[in-house]
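Structural features, examined
What follows is the residue order along each chain.
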Amino acid sequence: MRNILAIARRELSAYFATPVGWLALSAFLLITGFFFAALVSLYSMQSAEQAFSPYGAPDMNLNEYLVAPFFGNTAIILLFIVPALTMRLFAEDRKTRALELLLTSPITTTEIVLGKFVGAMGFIAVMLACTLHYVGVLFYLGDPDVGVVASSYLAMFLLSGAFVSVGLVTSSFTENQVVSLVLGFGMLLLLWVLGWAESASTGLTAEVLGFASLINRMEDLTKGLVHTRDVAYYLSFISFFLFATHQRVEAFRWS
Amino acid sequence: MIRVEHLTKRYGATTAIEDVSFEVPKGQVVGFLGPNGAGKSTTMRILTGSLGATEGRATVDGRDVFTDAREVKRRIGYLPEVPPLYPNMVVRDYVAFAGQLKGVKDPVAAAERAISRVGLGKVGHRIIEHLSKGYRQRVGLAQALVHDPEVLILDEPNSGLDPAQRVEIRDLLHDLVEDKRTIILSTHVLADIEAICRRVIIINKGRIVAEDDIERLGGEQRTVTVAVARAGEAAIAALRAVEGVSAVVDEGDGRLRLTTDGDRREHVANAAAPFGLLELSGRARLEEIYLRLTMGATP
């Protein structure tokens, strides 16, 4: 555990020591801030229209009209930003030969992989924590469901974990960070659009595509419904890609 | 301390090292020599646990480098040819991080000791990528020393350095030898090997071609080259008559290459003087042996 935390701390501090980390954080906050402001504005406008409607004013649920779309948009922003955060994790170490320090230290490959994973997740936790003030505004002005907000953050964290695990494995296949970025983003996009392909398919194919889709698993979580099967899905997904990364790093000893 | 038995490493159809065996007793400083691509780095990487072997066995302090890798790595400090640095880190933080990975109890204090040991005190607060190559090499050495290892494996610690930086690193290596550690040093600077190591292992095309104390290596045979103003049959005959000279080859332009048994430079100079001695050079002993073993014959 000590070694995992040591590597995680180094990775986390590396994000703040380079422009990439600050740029990613700034871009994330700027875009999520824009979407939040736009959604609040839209919600206010629609609420006002509903209030003056001659057919009465139906209840415009804050969770349904604001919280869920906000986290839906956040997930898409993460899809773009996380590969930029993970591209350097192994690619840079291989290029600078710093990986040799890790491979010749008395630590296991599992510790190396988990250390890098935890480090990237630490940075994503910082990014997500920076969005808490948006939620604070909602609590100040309205009455969102705490459970929905909490499960939405859980969804973002699990989804980010899945993204990071894919980014780790693609980063381990190249010394070139741009190649790592393109590979990572391409893989994530493919896994993302499987959900769309599901609606165009039938039978077993639709079931398989629906099962593999990262997006489908998130929908219930952002509505406040925490199913064990969804959490288990993300954890299994993360474990699979971390294992693949482990195997790839082990292979460095033979190449 | 280090025992390598029949080590072989193949990359597909390419054999990097084949049937390499040697031993390094505790406290000995050994020079590891060979041309580029001879298999030095491969052997070193196998010993440090960053590379697997196809066949054979290697132990450090009686522990197998493959099955007991963690314990072996605790005992080894390794400086690869390209130091494994994180360019964006501050020197002090980097060395402390290396200490943490190597299981040091107080990494910050250990980093300070290693930094002062390699003379980095003044730049300890600086970011690694802003340092000169010589200093970066020192940071790599500090990383290798931070856990106070019994064994040091240094792969060309002075490659790519300017002459002044080379002298700095050589002086540092001199200091490290006094620590009584077991050291394997690979370098192309043979003068450093002669100055620092008692024993050498020479590897060529993946195989060990010589392994002995420098004094005993290659017997007593040496090469002396003389340049005389009046080279000719008489000069060759006079030099051939010198005791201990076994062969004289006329290289043209007044240059004669002599093969001698032991150091006969004084007698050769006396015999060449009547013919107008212009120059006498005896190639450094290790260089001569190295070239003979790795290039097939003395050029």
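Keep in mind the model is a prediction, meaning the values are calculated, not measured. (Residues numbered from 1 in each chain as written. Chains lettered and ligands numbered in written order. Predicted model: local features only at pLDDT ≥ 70, side-chain atom pairs only at ≥ 80, totals over all residues.)

**Some words on the environment of Gln221 of chain B**
Residues and elements named next belong to chain B. Our working definition: Helical segments are the DSSP runs of H or I of at least four residues, strand segments are the runs of E of at least two, and each set is numbered from the N terminus. Labels follow a simple rule on C-beta atoms placed from the backbone: if 20 or more others lie within 10 Å of a residue's own, it is buried; if 12 or fewer, it is exposed; otherwise it is partly exposed. Here, residue contact means that the backbone-derived C-beta atoms of the two residues sit within 7 Å.
Examined against the element boundaries, Gln221 turns out to sit in strand 11 (residues 221–228). The exposure class of Gln221 is partly exposed, given the 15 C-beta atoms found within 10 Å. When the C-alpha atoms of Gln221 and Asp261 are compared, they prove to be 4.8 Å apart, with 40 residues separating the residues in sequence. Leaving out residues up to four positions away in the same chain, Gln221 has contacts with Thr259 and Asp261.

**Examining the interface of chain B and chain A**
It is common to report an interface's size as the accessible area lost on association of the parts. Threshold: Under the scheme applied here, ten amino acids are nonpolar (Ala, Val, Leu, Ile, Met, Phe, Trp, Tyr, Cys and Pro), four are charged (Asp, Glu, Lys and Arg), and all others, including Gly, are polar.
Each partner contributes to the interface: chain B provides 23 residues, whereas chain A provides 18 residues. Among the secondary structure elements, those contributing two or more residues to the side of chain B that touches chain A are helix 2 (69–75) and helix 3 (91–101) of chain B. Class assignment of the residues belonging to the side of chain B that touches chain A gives a composition of 11 nonpolar, 8 polar and 4 charged.

**Some thoughts on the sheet that holds strand 11 of chain B**
Residues and elements named next belong to chain B. We count it as follows: DSSP calls a pair of strands paired once it identifies at least 2 bridges connecting them. Axis angles are defined between N-to-C directions and span 0 to 180 degrees, where every axis is a line fitted to C-alpha atoms and, for a helix, only to the segment in contact.
The sheet built from 4 strands is open, its strands ordered 12-13-11-14 with antiparallel pairing. Taken across any chain shown, the strands that pair with only one partner, and hence form the sheet edges, are strand 12 (245–252) and strand 14 (277–282). Going from strand to strand, the sheet's axes swing by 20° on average, the running direction of each strand aside. Together, strand 11, strand 12 and strand 13 (255–261) form the strand contacts of helix 8 (residues 233–240), whose direction differs from that of strand 12 by roughly 155°.

**Regarding the domain arrangement of chain B**
Residue and element names in this part refer to chain B. Rules: Those domain boundaries reflect an automatic or database domain assignment.
Split by domain assignment, chain B resolves into domain 1 (2–213) and domain 2 (221–295). Sorting the residues of the side of domain 1 that touches domain 2 by element identifies helix 7 (190–196), strand 9 (199–204) and strand 10 (207–213) as the ones contributing at least two each. Counting residues per element, the side of domain 1 that touches domain 2 draws most heavily on helix 7, at 4 residues. Here the side of domain 1 that touches domain 2 is built from residues that sort into 8 nonpolar, 2 polar and 1 charged.

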